[in-house]
Amino acid sequence: MISFMTHEHLFKRPIEEILFNALIWGNQANPRLPVHVKIFEGSEGRLMRVTDAGNGFDYRTKIQQYLQGERYWQNKGCGLETLAQNPFIQVSYDPP
């Protein structure tokens, strides 16, 4: 298991990216809307669940575009790339 404290450089940017996207794009930069973060720890590692007030996005298409080397972003972001390049992070999406 990877210790968060000893490998924080591997997690800082992806976590920042996730929270930034939830705040700016999911909540449309509305400071009154909540972003919920839950962290669970188990024998296989940690799970972080982030939910925002947004309607979600067509993540299946965006992931396919990224994997095929196509432009996948709408706002010049690099969220999927940042997450996909980290061997210690697995991402999944739950549709709203």
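About the criteria used
Residues numbered from 1 in each chain as written. Predicted model: local features only at pLDDT ≥ 70, side-chain atom pairs only at ≥ 80, totals over all residues. Heavy atoms only, no water. pLDDT = per-residue confidence, 0-100. Contact = heavy atoms within 4.5 Å. Helix = DSSP H or I, 4+ residues; strand = E, 2+ residues; numbered from the N terminus. Pairing = 2+ DSSP bridges. Salt bridge = Lys/Arg side-chain N within 4 Å of Asp/Glu carboxyl O.

This part takes up the confidence of the model for the protein chain. On average, residues of the protein chain score 80 in pLDDT, and 84% of them reach the 70 mark or higher. This model gives residues 1–5 a pLDDT under 50, and the stretch forms 11 contacts once residues within four places in sequence are excluded.

Time to look at the environment of Arg13. Along the chain, Arg13 turns up in helix α1 (residues 8–26). Sequence-distant contacts of Arg13, defined by excluding residues within four places in its chain, comprise Cys78 and Thr82.

Before going further, it helps to spend a moment on the pairing of strand β2 (residues 45–51). Looking at chain direction, strand β1 (residues 36–42) and β2 are connected through seven bridges and run antiparallel. The residue bridging Val37 from the neighbouring strand is Val50, located in β2.

Tallied over the entire structure, the rule returns two salt bridges. Note that Glu16 and Lys12 form a salt bridge whose closest N and O atoms lie 4.0 Å from each other. With Glu16 and Lys12 both in helix α1 and four residues apart, the pair spans about one turn of that helix.

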